[in-house]
Amino acid sequence: MRMITKHSILLGLWVSIAAVQGKTPNVVFILADDLGITDIAAYASHFTGKPIDELYYETPHMDRLVGKGVAFSQFYANQLCAPTRAALMTGQYAARHGFTTATPLLPTYYNQGMPAPEGFNPHDVLGHKDNINKQQAWTNGRTNTALDPSLQTLPKVLGGHRSAFIGKWHLGGHGAKGFQPLDQGFDEAPAWFDAGGSAYFKWAKHWDKKRLPYPEMPQKESHMGSAGSAPHAAYLTDDLTDRAVRYIESAVADRKAGKDKRPFFLYFNHFAVHTPLQAPAETVAYFKNKPQKGTLGHNNATYAAMVKHLDDSVGRLIQALEAGGVMEDTLLVLTSDNGGVEYTNPAATDNFPFKGGKACLHEGGVRVPLVCWQPGRFGGGAWCDTPANCIDMLPTLAALTGNNIPGNVDGISIVPLLENPAAKMSPRTFYWHYPFNVIVNHPDNGLPLTPHSAIRVGDHKLLWDWHGKMVLYDIRNDPYEETDLAEGMPEKRDQLMKQLQAWLKDHVAPRYLPVRNPNYDAEKDDRKYPLVDLTGALK
Ligand SMILES: [Ca+2]
Ligand SMILES: [Ca+2]
């Protein structure tokens, strides 16, 4: 396969490749933030059998997408924002690059003007710790905060596309110079912010702030983001949608006018529906009075309103593509970066019937929606039940656009599944790694999460709680993780554990692993199971 470059398009090579593979599509990739798998009504209905009109959330546009496209029932992200974003951008496991968690703005070697110790990344945080007032047998590993700009990233791999980034970045060390969307290969970034969350009202001043967050930071001004040109819509989700629609319109107009003949790639990363829970009052009022409130544990009117504005956004993008006459030439992708948030009080949402939510490695934390649609090419409202992973998106988009898949990716192209959702594929192996004690409670024992790693091989998934426990589930037959097979299938359990530890040893630098706490006092621990160091193969 030939690499498409800007040069080769000018030379007309695009035509010969297009003849083989069909016209190279535009790509509109919508990444929702914290959208749980059953937050889309069509997904909730698929898993629970409840009719859509009995559900609380209203997602008619996303439901239409599910009805027209290919919807994946076993698509995996990571447990939190930044790790999934790093994996999407590179096609590689995020832990390989030190993206083991998502942090707020915290001191790093770089932003404190300190030299990084030998073997460390300047953008590793000095320490990240939840405020947990409990005994912890393991202390936290480290995390990186800025994605290495020398890596092959989505916009670089789709080099023949004009590209734009809009929305939440969270991969740039919170404003580090040289690590922002334009530094990673995007041609334009009409509005972006390098943080985990944003206010939904009156955000612009904050996004445009140039004052350095730490005076020792070795750059002149902060590169946290840009809210784009005024005026702004009142609500962030609507404003980013306005900008995304304008980008599509201008790319279509440029192509028609012969000004820029390249297909376009819009990577639109919403802040919705991440906390803070904020939405326009009239939308919230509508949901407060909706009789379906409480169905599937969904009862937060503000959250329902946030989901509604996200859904409107999807509808407006489809409308813009249709109005521009390019829907048939465009692959539309919708996914989320982690499961829905259950840990706020009151809870934002519920990932029922899946166990756990954001921050958990259980299915509710990492299984997310993925819908892909290109009318006339991929779609038909089929469900694909083959497991896939966010590391697959870069190789998939590369293959679809006639570009080379970089040799070091961990994912594979799932184009065969888009072409035939019932296609048989060889069983896959997936890994997760989360070396932190977390304030979010474990869905089974109700105690703050300990460091966890996990592996899925074929149908079986092993979750390793570093405190000393392994649980094993048959995800195909037990997707809601109700029956632990660890005792009944010790050989399978040990085989997966060995494979997981071998992967950690080969791919994750030691500083991104948890460390035994020398001061751990079991007498003061609420855990009903003892500390057992299972790191055997890692030593
Ligand atoms: Ca997220
Ligand atoms: Ca739940």
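- Going by the annotation in an unreviewed UniProt entry, the name recorded for the protein chain is Arylsulfatase, with Pontiella desulfatans given as the source organism.
- If you open the UniProt record of the protein chain and go to Cofactor (unreviewed entry), you find "Ca(2+)".
- We quote the UniProt Sequence similarities (unreviewed entry) comment for the protein chain here in full: "Belongs to the sulfatase family."

### A closer look at the coordination of the calcium ion (ligand 2)
For a metal with four donors in a tetrahedral arrangement, the ideal angle between donors is 109.5 degrees, while six donors in an octahedron ideally sit at 90 or 180 degrees.
Okay, step 1: Looking at the calcium ion (ligand 2), the protein donor atoms are E342 (OE), E342 (OE) and D350 (OD), and they sit 2.4 to 2.9 Å from it.
Okay, step 2: Judged by its relative accessible area of 29%, E342 is partly exposed.
Okay, step 3: Residue D350 is classed as partly exposed on the basis of its relative accessible area of 25%.

### Observations regarding the packing of aromatic side chains
The geometry of an aromatic ring pair comes down to the distance between the two centres and the angle between the two planes.
Okay, step 1: This model, assessed by the stated rule, comprises 33 aromatic pairs.
Okay, step 2: Between F201 and Y235, the aromatic rings sit 5.3 Å apart at their centres with planes inclined by 45°, giving tilted as the arrangement. Separated by 34 residues along the polypeptide, F201 in the loop between β5 (188-193) and α7 (204-207) and Y235 in the loop between β6 (225-226) and α8 (236-256) bring together distant segments of the chain.
Okay, step 3: By relative accessible area, which is 2% here, Y235 ends up buried.
Okay, step 4: With a centroid separation of 6.2 Å and 85° between ring planes, the pair formed by Y247 and F264 is classed as edge-to-face. With Y247 in helix α8 and F264 in strand β7 (residues 264-269), the pair connects residues that are 17 residues apart, well separated along the chain.
Okay, step 5: Chaining the aromatic ring pairs together yields one cluster made of F29, F165, W169, F186, F265 and Y267.
Okay, step 6: In this arrangement the basic side chain of K461 is found over the ring face of W432, its NZ or CZ atom lying 5.8 Å from the centre.
Okay, step 7: Here the guanidinium or amino end of R516 rests over the ring plane of W138, the centre of that ring lying 6.0 Å away.

### Describing the environment of A164
Okay, step 1: Within the element layout of this structure, A164 appears in strand β4 (residues 162-168).
Okay, step 2: Judged by its relative accessible area of 0%, A164 falls in the buried class.
Okay, step 3: For A164, the contacting residues outside a window of four places in its chain are F186, E188, P190, Y247, F265, L266 and Y267.

### Brief notes about α8
Okay, step 1: With 21 residues, α8 extends 30 Å between its outermost C-alpha atoms, agreeing within 8% with the 30 Å of an ideal straight helix rising 1.5 Å per residue.
Okay, step 2: The positive-phi residue at the C-terminal boundary of α8 is G258, with phi of around 75°.

### Observations regarding the pattern of salt bridges
Okay, step 1: The tally for this structure, following the rule as stated, stands at 31 salt bridges.
Okay, step 2: Of the charged contacts in the structure, one is a salt bridge between D526 and K134, with a shortest N-O distance of 2.6 Å. In this pair, D526 sits in the segment after β18 (515-516) while K134 sits in the loop between α5 (81-90) and β3 (138-139), placing the two residues 392 residues apart along the sequence.
Okay, step 3: D526 sits in the partly exposed class, given a relative accessible area of 36%.
Okay, step 4: Across the pair R262 and D260 runs a salt bridge whose closest N-O atoms are separated by 2.9 Å.

### Thoughts on the side chain of D337
Okay, step 1: In this fold, D337 is placed in the loop between β8 (330-336) and α11 (363-366).
Okay, step 2: Of the polar contacts made by the side chain of D337, one reaches the side chain of R85; its length is 2.8 Å.
Okay, step 3: Leaving out residues up to four positions away in the same chain, D337 has contacts with L31, A32, D33, D34, A77, N78, L80, C81, T84 and R85.

### Focus: the nonpolar core
One recurring pattern in soluble globular proteins is that nonpolar side chains are buried together.
Okay, step 1: F29, F72, Y267 and L504 are the most contacted members of the largest nonpolar core, which has 92 residues in total.
Okay, step 2: With 65 residues, the next largest nonpolar core counts I248, V284, A301 and M327 among its residues.

### Considerations on the coordination of the calcium ion (ligand 1)
Okay, step 1: Coordination of the calcium ion (ligand 1) by the protein comes from D33 (OD), D34 (OD), C81 (SG), D337 (OD), D337 (OD) and N338 (OD1), over a distance range of 2.2 to 2.6 Å.
Okay, step 2: Note that the calcium ion (ligand 1) binds six donor atoms; their angles at the metal cover 52 to 157°, and the shape is irregular.
Okay, step 3: Read in sequence order, the donor residues for the calcium ion (ligand 1) give the motif D-D-x46-C-x255-D-N.
Okay, step 4: In this structure D34 comes out as buried when scored by relative accessible area, which is 1%.

### Section: the state of the cysteines
Okay, step 1: One pass over the structure, following the stated rule, counts zero disulfides.
Okay, step 2: There is no disulfide at C360, and the cysteine sulfur nearest it, in C81, is 14 Å away.

### Things to note about helix α3 (residues 41-48)
Since the α-helix packs 3.6 residues into each turn, any two residues three or four apart lie on the same face.
Okay, step 1: Turning to α3, its buried residues are A41, A42, Y43, A44 and F47.
Okay, step 2: Positive phi shows up at G49, right after α3, with a value of about 80°.

### Brief notes about the sheet that holds strand β16 (residues 460-465)
Okay, step 1: With respect to topology, four strands assemble into an open sheet ordered β12-β15-β16-β17, the strand pairing being antiparallel. The open sheet terminates on both sides in strands that have one partner only, identified here as β12 (429-434) and β17 (469-474). Taking the axes of each pair of neighbouring strands and ignoring which way they run, one obtains an average angle of 10° across the sheet.
Okay, step 2: Along the sheet face, helix α14 (residues 490-507) touches β12, β15 (452-457), β16 and β17 and points at about 65° away from the line of β16.

### Here we look at unusual backbone geometry
Peptide bonds are mostly trans, and most non-glycine residues show a negative phi.
Okay, step 1: For the peptide bond that leads from A230 to P231, omega is 0°, which places it in the cis range.
Okay, step 2: Note that P231 resides in the loop between β6 and α8.
Okay, step 3: T275 connects to P276 through a cis peptide bond whose omega is 5°.
Okay, step 4: Within the secondary structure, P276 sits in the loop between β7 and α9 (281-288).
Okay, step 5: With a phi angle near 55°, H174 is a residue other than glycine that sits in the positive phi range.
Okay, step 6: Here H174 lies in the loop between β4 and β5.
Okay, step 7: Within the chain, K202 stands out as a residue other than glycine whose phi angle is a positive 50°.
Okay, step 8: Here K202 is to be found in the loop between β5 and α7.
Okay, step 9: Residue classification places K202 among the exposed residues on the basis of a relative accessible area of 79%.

Scoring rules and cut-offs
- Residues numbered from 1 in each chain as written.
- Chains lettered and ligands numbered in written order.
- Predicted model: local features only at pLDDT ≥ 70, side-chain atom pairs only at ≥ 80, totals over all residues.
- Heavy atoms only, no water.
- UniProt positions renumbered as here; feature names shortened; annotations may be inferred.
- Donors = N, O, S within 2.8 Å, 3.2 Å for Na, K, Ca; no water.
- Buried < 20%, exposed > 50% of the residue type's maximum accessible area, 1.4 Å probe, protein only.
- Phe/Tyr/Trp six-rings, centres within 6.5 Å; stacked < 30°, edge-to-face > 60°.
- Helix = DSSP H or I, 4+ residues; strand = E, 2+ residues; numbered from the N terminus.
- Lys NZ or Arg CZ within 6 Å of the ring centre and 35° of its normal.
- Contact = heavy atoms within 4.5 Å.
- Expected span 1.5 Å × (residues − 1).
- Salt bridge = Lys/Arg side-chain N within 4 Å of Asp/Glu carboxyl O.
- Polar contact = N/O pair within 3.5 Å; in protein donor to acceptor, adjacent residues only side chain to side chain.
- Core = buried A, V, L, I, M, F, W, Y, C linked by side-chain atoms within 4.5 Å.
- Tetrahedral: all angles 85-135°; square planar, octahedral: opposite > 155°, others 65-115°.
- Disulfide = S-S within 2.5 Å.
- Pairing = 2+ DSSP bridges.
- Axes fitted to C-alpha atoms, helices over the stretch in contact; angles between N-to-C directions.

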